[in-house]
Amino acid sequence: LGRGWDQDEVSDLFSQIDTNKDGTISLDEYLAYYAQGVVPGDNPRNEAESQTPSDPEAEPTKEERSCDVAKRFGIEEVSARAVSVDFLLQFTNKHNLWNKQTWEVVEEVIKPATLDSKLCYVDTFATEMKSEFGPPNEFVSHAWGNRWGLLVAAIEHKRKSSLIEAAPGKPAKKQYFVWLDCFAISQHQALADLEFLDSVVRTSKSFSIVLDSSAKPLSRAWCLFEILHRMSVDSKSRINILAGDFELPKQGGAQPAFVPLDSSTMTQIFRNTDMASAEAKFESDKNMIFELVKKLVPGGFTKINEAIRTAIAQEDIKQTFKAEAGQGKGKAAAKGPKTGNPKAGKHKGGMGMVADMYSEF
């Protein structure tokens, strides 16, 4: 959830959470701070600003305009910072970011653009963005080490499959808002917004994980952090998997296309999924997140792995069904490879092969 905070920001927040001043943050101290429900203005870091009387004639700040959106929808401000898919496509094309990795986009575009304000991207450019941000339709978990183009293509793919039919007399196409950490959280002082993650997840109508063929996010403890918050809010809520790559269009073509992973790769990801093996840059982060799994998710890692594997299988079956439908309705699919499953062979391929692949689990 964002990077790039400086030492002063870290020290300030650390001193707030470390209430017994022993130089470490225990799980109980973290949970106590997290449970405070601190909101902008009530945060001790902003106490001086909250006591400064406002000038009713003054021009509203960009941050206040962002806050107005949150007030209108009755949500935390950080939850109102989801960006529209249309904005995301324009931003990507404007800066030619399709083949950049996400961390490069943050370092080369987002951080320099917000250096003076020290705010998140949405708050910095609230006036210019106007109606391009709001409450999230989708919370998107992803790896900063993957290509930005995969993230954008996967989101556009999800938007197209999730379009809501408009009411009579209204436009057929609605804006679709996605919550992305790199836009919604200040990349100069990121830690302060972590406490609002459960609010963001609760506000989001859908939760998706974008995977490449190596399933990088499923090896990240901070992805686990996002998943556990989703499951602690609603243990039965569905997790969506957007697994694939993207193809750049030929000259003069349309937007890059999302290309779903093949069934054998999806099955391999399914078999290798074990969030208990997730790693973090700092061991203390990993330990804190693993303790939260035990406290916040009934069933712990077993339940989390089960939810992710179910999502992977559902996505694979959906893509296989679409492929079969596209190849000719009612025609038999080509014979699939042997899977090692003793039941294999009773199905000839396509959906039957997918059923064989997962039936051993």
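This write-up is about the structure you can find in this document. Just so it is clear, the structure is predicted and the values come from calculations on it, not from any experiment. The numbers attached to residues start from 1 for each chain and follow its sequence in the written order. For a predicted model such as this one, the threshold for reporting local features is a pLDDT of at least 70, and the threshold for listing and counting side-chain atom pairs is 80 or more; totals across whole chains, interfaces and linings nevertheless cover every residue. Excluded from the side-chain calculation are hydrogens and water; included are all heavy atoms of the structure.

Structural notes on the environment of Lys160
A run of H or I in DSSP counts as a helix once it spans at least four residues, and a run of E counts as a strand once it spans at least two, with each numbered from the N terminus. Here Lys160 is to be found in helix α9 (residues 148–161). Three labels apply to residues, based on accessible area from a 1.4 Å probe with only protein chains included: buried if under 20% of the type maximum, exposed if over 50%, partly exposed otherwise in between. Looking at Lys160, the relative accessible area reads 56%, which means it is exposed. As for Lys160 and Tyr176, which are separated by 16 residues in sequence, their C-alpha atoms are 9.3 Å apart.

Description of the pattern of salt bridges
A carboxyl oxygen of Asp or Glu within 4 Å of a side-chain nitrogen of Lys or Arg is what we treat as a salt bridge. Following the criterion strictly, the structure yields 14 salt bridges and no others. The closest approach of N and O atoms between Asp245 and Arg147, which form a salt bridge, is 2.9 Å. Separated by 98 residues along the polypeptide, Asp245 in strand β6 (residues 240–247) and Arg147 in the loop between β3 (138–141) and α9 bring together distant segments of the chain. On the accessibility criterion, Arg147 (32% relative accessible area) is partly exposed.

Looking at the nonpolar core
The nonpolar core is taken to be a set of buried Ala, Val, Leu, Ile, Met, Phe, Trp, Tyr and Cys residues, with the residues joined through side-chain atoms within 4.5 Å. If you look at the biggest cluster of nonpolar residues, it comprises 45 residues, and the most contacted ones within it are Ile209, Leu218, Ile227, Met275 and Ile304. Of all the secondary-structure elements, those providing two or more residues to this core are β4 (177–179), α11 (197–203), β5 (206–211), α12 (221–233), β6, α13 (263–272), α14 (283–296) and α15 (300–327). For this core, the element with the most residues is α12, which contributes 7 residues. Here a residue-residue contact requires only that any non-hydrogen atoms of the pair lie within 4.5 Å. Apart from residues lying up to four places away in sequence, Ile227 is in contact with Phe207, Ile209, Ile239, Met275, Ile304 and Ile308. In terms of nonpolar packing, the next biggest core, distinct from the first, is built from 36 residues, Phe133, Ile155, Phe183 and Phe246 among them.

As for the pairing of β6
Counting buried positions along β6 yields 6 of 8 residues, so the element is predominantly enclosed. Strand pairing is assigned whenever DSSP identifies at least 2 bridges connecting the two strands. Here 4 bridges tie β5 to β6, and the two strands are oriented parallel to one another. From the neighbouring strand, Ser208 faces β6, where its bridge partner is Asn240. In the sheet, β6 pairs with strand β7 (residues 257–260) via 4 bridges, with the strands oriented antiparallel. Across the sheet, residue Gly244 finds its bridge partner in β7, namely Pro260.

Topic: α13
The set of residues buried in α13 consists of Ser263, Met266, Thr267, Ile269 and Phe270. The arc that holds the buried residues of α13, viewed along the axis, is 160°, so those residues lie on one side. To obtain the arc, one takes the directions from the helix axis to the C-beta atoms.

Considerations on unusual backbone geometry
With phi around 50°, Asn96 is a residue other than glycine that occupies positive phi space. Looking at the secondary structure, you find Asn96 in the loop between α5 (85–95) and α6 (102–113). Of note in the backbone geometry, Lys118 takes a positive phi value of approximately 65° without being a glycine. Residue placement: Lys118 occurs in the loop between α6 and α7 (121–124).

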